[in-house]
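Inside the fold
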Amino acid sequence: MRKIQMVDLKGQYEIIKETVNESVIEVIESTAFINGPRVHEFQKNLEEYLGVKHVIPCANGTDALQIAMMGLGLKPGDEVITADFTFAATVEVIALLGLTPVLVDVEPDTFNIDVEAIKKAITPNTKAIVPVHLFGQCANMDAIMEIANEHNLFVIEDNAQAIGATYTSADGKKTKAGAIGHVASTSFFPSKNLGCYGDGGAIFTNDDDLAHTIRGIVNHGMYVRYHHDVVGVNSRLDSIQAAVLGAKLPRLDAYNNARKLAASKYDKAFEGIENIVTPFRNGGDDNHVFHQYTLKVRNTDRDALAKFLNDNGIPCGVYYPIPLHNQKAYKDERYNEADFTVTNQLVKEVISLPMHTELDDEQIEFITTKVIEFVNG
Ligand SMILES: *Cc1c(COP(=O)(O)O)cnc(C)c1O
């Protein structure tokens with residue numbers, strides 16, 4: 001059996017090596033390292049793929065979130081509601097901009113932000129909601145957009161984990177993740193579903209004015225060369241990363257399908273195992289792109305399971321072990337433990353298994369056998 005990896009970047013590279021090498025060398029030979037034609041080409045292709053009017057490439061997914069919030073003109077004191085159970089980047093940029101983060105609980109089945117909890121957290125100072133499409137599946141966007149419209153709030157989708165995922169609205173309309181809110185961010189960190197070979201990110205929007213504002217912000221607040229109209233940042237996707245992404249974007253659906261297939265094989269193997277809860281799919285089997293395949297284990301010492309798997313050569317991850325409201329940097333007297341019962345439980349139960357485009361049947365069989373062996377004691 002091939003060695004099991006949490007993410008198999010090498011195996012994936014071997015298959016696309018020729019295309020990637022050719023495009024990267026072309027960038028080097030052209031010396032168009034910054035804002036070269038590859039960046040523009042990738043931007044256009046991603047706009048078409050997602051069905052959004054504007055993609056603005058930037059340096060990473062954290063910058064993308066920050067720039068989206070700057071573009072919306074959010075000001076210190078504005079409250080921004082986001083999920084307690086996510087990667088810290090989301091709350092980090094809210095805090096960094098002097099905005100007030102308002103963390104709320106998530107749903108026990110999808111792990112995504114809880115709509116009732118959002119409603120409870122809204123105050124006259126609330127300006128935005130940041131749903132994170134965690135592990136590859138969209139948050140409840142119908143309800144979130146409805147609340148946002150009712151209260152005149154911005155919706156910023158953190159789409160770092162769900163590029164290529166679909167959202168099916170109650171009326172049957174299908175939209176790509178990141179094309180629903182006022183603005184969205186994504187990350188091309190190597191292990192993400194569409195990853196480059198370094199850092200990269202992008203902002204998406206259908207709003208022409210906002211896109212214009214953001215294009216200036218990523219470039220030192222310049223709309224006319226050496227005229228700085230707003231405080232900006234320097235955040236660019238470099239041409240070499242755009243060349244890698246250009247080679248991978250046409251394969252994104254195939255990559256996501258490979259993840260879905262691996263997920264369904266995992267599901268099947270765990271069927272009927274009492275203390276294992278397999279991932280819930282919201283609105284259609286096809287919507288979830290499995291950035292992570294995350295189980296909940298009951299009546300099981302999750303950390304001991306993780307150790308057992310590691311000892312057997314099976315890498316695994318706990319995303320996330322600590323609720324954000326309990327992180328030193330983000331603790332706040334306003335928070336009440338009773339409002340975070342779901343997150344507080346999830347951090348004890350979740351375990352993510354290897355998930356990538358190169359998992360084979362033998363590996364899945366070995367992984368699932370070992371998990372079941374431990375959970376069944
Ligand atoms: C990865 C990730 C980010 C940050 O992306 P970087 O490119 O690493 O800055 C933000 N939000 C979520 C939910 C992520 O998973």
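Keep in mind it's a predicted model, so treat the numbers as computed, not measured.

**Some remarks on the packing of aromatic side chains**
The final tally for this structure, using the stated rule, is 13 aromatic pairs. Consider the rings of Y266 and F270, whose centres lie 6.3 Å apart with planes at 10 degrees: the pair is stacked. Of the two residues, Y266 and F270 are both situated in helix α9 (residues 252–270); the distance of four residues between them amounts to about one turn of the helix. By relative accessible area, which is 2% here, F270 ends up buried. Arranged with centres 5.6 Å apart and planes meeting at 85 degrees, the rings of Y335 and F340 form a pair that is edge-to-face. With relative accessibility at 15%, the residue Y335 sits in the buried group. Through a chain of ring-to-ring contacts, three or more aromatic side chains come together here, namely F85, F111, F135, Y319 and Y320. In this structure, K176 packs its charged tip against the face of Y49, placed 5.0 Å from the ring centre.

**Regarding the layout of surface pockets**
The probe, sized like a water molecule, is rolled over the atoms to show the empty space still left. Reported here for the largest pocket is a volume of approximately 450 Å³. If you go around the largest pocket, you meet 26 residues; those closest to its centre are F87, Q161, F189, K192 and H291. Elements supplying a minimum of two residues to the lining of the largest pocket: α3 (61–71) and α4 (89–96). Considering every element that reaches the lining of the largest pocket, the biggest residue donor is α3, with three residues. Of the residues in the lining of the largest pocket, the class split is 12 nonpolar, 10 polar and four charged.

**Some points on the sheet that holds strand β13 (residues 293–297)**
Judged by pairing direction, the sheet is antiparallel, and its three strands sit side by side in the order β12-β13-β14 without closing on themselves. Looking at the sheet topology across the chains shown, the edges are occupied by β12 (276–277) and β14 (350–353). When β12 meets β13, the two strands line up antiparallel, connected through two bridges. Residue pairing across strands places V277 opposite K296, the latter belonging to β13. Where helix α10 (residues 302–311) meets the sheet, its contacts fall on β13 and β14, and the angle it forms with β14 comes to roughly 20 degrees.

**Things to note about the environment of M222**
Turning to its location among the elements, M222 is positioned in strand β10 (residues 222–224). Of the residues examined, M222 reaches a relative accessible area of 12% and is grouped as buried. Placed 10 residues apart in sequence, M222 and G232 show a C-alpha to C-alpha distance of 7.7 Å.

**Notes on the domain arrangement of the protein chain**
Looking at the protein chain, the domain boundaries give domain 1 (9–250) and domain 2 (252–376). Each of domain 1 and domain 2 has a C-alpha centre, and the two are 24 Å apart. Counting from both sides, the interface comprises 47 residues of domain 1 and, opposite them, 35 residues of domain 2. Our count for the contact surface shared by domain 1 and domain 2 stands at one salt bridge. Across the pair K120 and D339 runs a salt bridge whose closest N-O atoms are separated by 3.6 Å. Looking at the side of domain 1 that touches domain 2 element by element, the count peaks at five residues for strand β3 (residues 100–104).

**Digging into the pattern of salt bridges**
Tallied over the entire structure, the rule returns 18 salt bridges. Here E26 makes a salt bridge to R38, at a shortest N to O gap of 2.9 Å. Of this pair, E26 sits in helix α1 (residues 9–30) while R38 is found in helix α2 (residues 37–50), placing the two residues 12 residues apart along the sequence. Assessed through its relative accessible area of 40%, E26 is described here as partly exposed. Measuring nitrogen to oxygen at the nearest pair gives 2.6 Å for the salt bridge that ties D361 to K265. Remark: K265 occurs in helix α9 and D361 occurs in helix α12 (residues 361–375); sequence separation between them is 96 residues. Salt bridges sharing partners connect three or more residues here, namely R2, D8 and D360.

**Quick look at unusual backbone geometry**
Most peptide bonds take the trans form, and the phi angle of most residues other than glycine is negative. With an omega of 10 degrees, the peptide bond running from Y319 to Y320 counts as cis. By secondary structure assignment, the location of Y320 is in the loop between α10 and α11 (341–349). If you check the backbone angles, H220 has positive phi at about 60 degrees while not being a glycine. With respect to the helices and strands, H220 occurs in the loop between α7 (208–217) and β10. Its relative accessible area of 35% is what places H220 among the partly exposed residues. Within the chain, F290 stands out as a residue other than glycine whose phi angle is a positive 45 degrees. Of note, F290 is situated in the loop between β12 and β13.

**What about the side chain of D105?**
Along the chain, D105 turns up in the loop between β3 and α5 (115–121). Notably, D105 is buried but unbridged: the nearest opposite-charge side chain belongs to K120, and the N-O separation is 8.8 Å. Separated by 2.7 Å, the side chains of D105 and T343 make a polar contact. Apart from the residues within four sequence positions on either side, D105 is in contact with I113, D114, A117, D339, F340, T341, V342 and T343.

The rules behind the values
Residues numbered from 1 in each chain as written. Predicted model: local features only at pLDDT ≥ 70, side-chain atom pairs only at ≥ 80, totals over all residues. Heavy atoms only, no water. Phe/Tyr/Trp six-rings, centres within 6.5 Å; stacked < 30°, edge-to-face > 60°. Helix = DSSP H or I, 4+ residues; strand = E, 2+ residues; numbered from the N terminus. Buried < 20%, exposed > 50% of the residue type's maximum accessible area, 1.4 Å probe, protein only. Lys NZ or Arg CZ within 6 Å of the ring centre and 35° of its normal. 1 Å grid on protein atoms, 1.4 Å probe; cavity = no way out; pocket = protein on both sides within 12 Å on 5 of 7 lines; lining within 4 Å. Points joined across faces, edges and corners; volume = space filled by probe spheres on them. Nonpolar A, V, L, I, M, F, W, Y, C, P; charged D, E, K, R; others polar. Pairing = 2+ DSSP bridges. Contact = heavy atoms within 4.5 Å. Axes fitted to C-alpha atoms, helices over the stretch in contact; angles between N-to-C directions. Domains from an automatic or database assignment. Salt bridge = Lys/Arg side-chain N within 4 Å of Asp/Glu carboxyl O. Lys, Arg positive; Asp, Glu negative; His and termini not counted. Polar contact = N/O pair within 3.5 Å; in protein donor to acceptor, adjacent residues only side chain to side chain.

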